[in-house]
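Single-letter residue listing:
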Amino acid sequence: LRVSPGFSAWRNCIRRRVGASMITSKPLSNHAHPTRRLPARGKAMTLVAAFRGIEGGILLCSDREWTDGFSKREVDKIYRIRDLAACEIFIAGSGPDATIHKASVDIFGAFVRASKAGKDVLQEHKSILESSLKAVYKQCAKTLRMYPMCLLIVVAPRGGKLVPMLYRTDEDVLVPESFYAASGSGKPIADYFADRLYEYGKLTKDALKVVAAFIFREAEASSAGVGLGVDMRFIHEGDRSIHFIPSSSVKAIQVAIPSL
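Cut-offs used in this document
- Residues numbered from 1 in each chain as written.
- Predicted model: local features only at pLDDT ≥ 70, side-chain atom pairs only at ≥ 80, totals over all residues.
- Heavy atoms only, no water.
- Axes fitted to C-alpha atoms, helices over the stretch in contact; angles between N-to-C directions.
- Helix = DSSP H or I, 4+ residues; strand = E, 2+ residues; numbered from the N terminus.
- Parallel < 35°, antiparallel > 145°, perpendicular 65-115°, else oblique.
- Contact = heavy atoms within 4.5 Å.
- Nonpolar A, V, L, I, M, F, W, Y, C, P; charged D, E, K, R; others polar.
- Salt bridge = Lys/Arg side-chain N within 4 Å of Asp/Glu carboxyl O.
- Buried < 20%, exposed > 50% of the residue type's maximum accessible area, 1.4 Å probe, protein only.
- Phe/Tyr/Trp six-rings, centres within 6.5 Å; stacked < 30°, edge-to-face > 60°.
- Lys NZ or Arg CZ within 6 Å of the ring centre and 35° of its normal.

Trainee: Please explain the packing of helix H6 (residues 205-222) against helix H7 (residues 247-256) as it appears in this structure.
Mentor: The axes of two packed helices give the description: the angle between them and the distance between them. Packing of H6 against H7 leaves a shortest axis separation of 9 Å and a crossing angle of 80 degrees. By the angle class used here, H6 and H7 are roughly perpendicular. Seen from H6, the contacting residues are Lys209, Val210, Ala213, Phe216 and Arg217; seen from H7, they are Val250, Ile253 and Gln254. Its residues placed into classes, the contact of H6 with H7 shows five nonpolar, one polar and two charged.

Below, the structure written as structure tokens:
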């Protein structure tokens, strides 16, 4: 196609004007494109803690607040595996809720399969737990790189004289803990008060319950995402029973403790 001289002149004029306007135009103000802060989803906005009692049992505690960044509700965050003949397992964690749930379900499935295969699940519980953790970290690698997960796991033998075993996770590694462990956004204040108020072998069952209630009250007052009550489980403290302390009872204890 032929282009007329008049069209070529008009086109060149437009190009010059557009080029000049691009050079001299000012950038738009930041106010022209307002941004909305998205919620920090899946972060470790919780508090889970475990204390060894004077008789060798474990007090496992967790706050009840679940949030997706827009709303929140109460949930029981302590997962219990009771379908094994040799032991019971309790799991509480901080991190992405969906991933914690997946890890708990996968651990349950691994123990059931091992039990049906005739394995001594109590003797081999560490290898079963670590295999499950490695599988979860492989499947959820992208999420867990952004939002770390930490689990507190209690393995409570049903018979004999063995006391419950307490573990925390460091990524897919199982770390034994003798007396105390905590995780979540409330961990710094929990560690601070536990270091000063808790000592293994010095607190009765009732006193340990009060100390834990106090720690969670102060964490709720100062830590993001910790709240809506506390669930407590005394696991084999003095006998082979599980003592449930509902959030309403914990709240009554917290109210009775003098304010700092």
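What follows continues from the structure just given.
Trainee: Teacher, can you tell me more about the pattern of salt bridges here?
Mentor: Should their charged atoms come close, side chains of opposite charge can pair. Applying the stated criterion across every chain yields a total of twelve salt bridges. In this structure, Arg196 engages Asp195 in a salt bridge whose closest nitrogen and oxygen atoms are separated by 3.6 Å. The closest approach of N and O atoms between Lys202 and Glu199, which form a salt bridge, is 3.5 Å. For Glu199, a relative accessible area of 46% translates into the label partly exposed.

Trainee: I'm lost on unusual backbone geometry in this one. Help?
Mentor: A negative phi angle is the norm for most residues apart from glycine, just as the trans form is the norm for most peptide bonds. Positive phi, close to 55 degrees, is recorded for Glu171, a residue that is not glycine. Relative to the helices and strands, Glu171 resides in the loop between strand S8 (165-170) and strand S9 (173-177). By relative accessible area, Glu171 is classed as exposed at 52%. Positioned with a positive phi, His236 is a non-glycine residue whose angle comes to about 55 degrees. Relative to the elements of secondary structure, His236 occurs in the loop between strand S11 (230-235) and strand S12 (242-245). Take His236: its relative accessible area is 6%, and that puts it in the buried class.

Trainee: Quick question: what am I supposed to make of the packing of aromatic side chains here?
Mentor: How two aromatic rings sit relative to each other is set out by the distance from centre to centre and by the angle between their planes. In the structure shown here, the tally under the stated rule is six aromatic pairs. Their ring planes at 20 degrees and their centres at 4.7 Å tell us that Phe179 and Tyr200 sit as a pair that is stacked. Linking Phe179 in the loop between S9 and strand S10 (180-184) with Tyr200 in the loop between helix H5 (187-197) and H6, this pair joins segments that are 21 residues apart in sequence. On the basis of relative accessibility, which here comes to 34%, the residue Tyr200 falls in the partly exposed class. With a centroid separation of 5.0 Å and an interplanar angle of 75 degrees, the aromatic rings of Phe193 and Phe214 are classed as edge-to-face. Taken together, the residues Phe193 in helix H5 and Phe214 in helix H6 connect sequence positions 21 residues apart. The pair formed by Phe193 and Phe214 is uniform in burial state, with each residue classed as buried. Clustering of aromatic rings is evident, with ring pairs tying together Phe51, Tyr180 and Tyr198. If you follow Arg196 out to its NZ or CZ, it ends over the ring of Tyr192, 3.8 Å from the centre. Over the ring of Phe234 we find Lys205, and its NZ or CZ is 5.0 Å from the ring centre.

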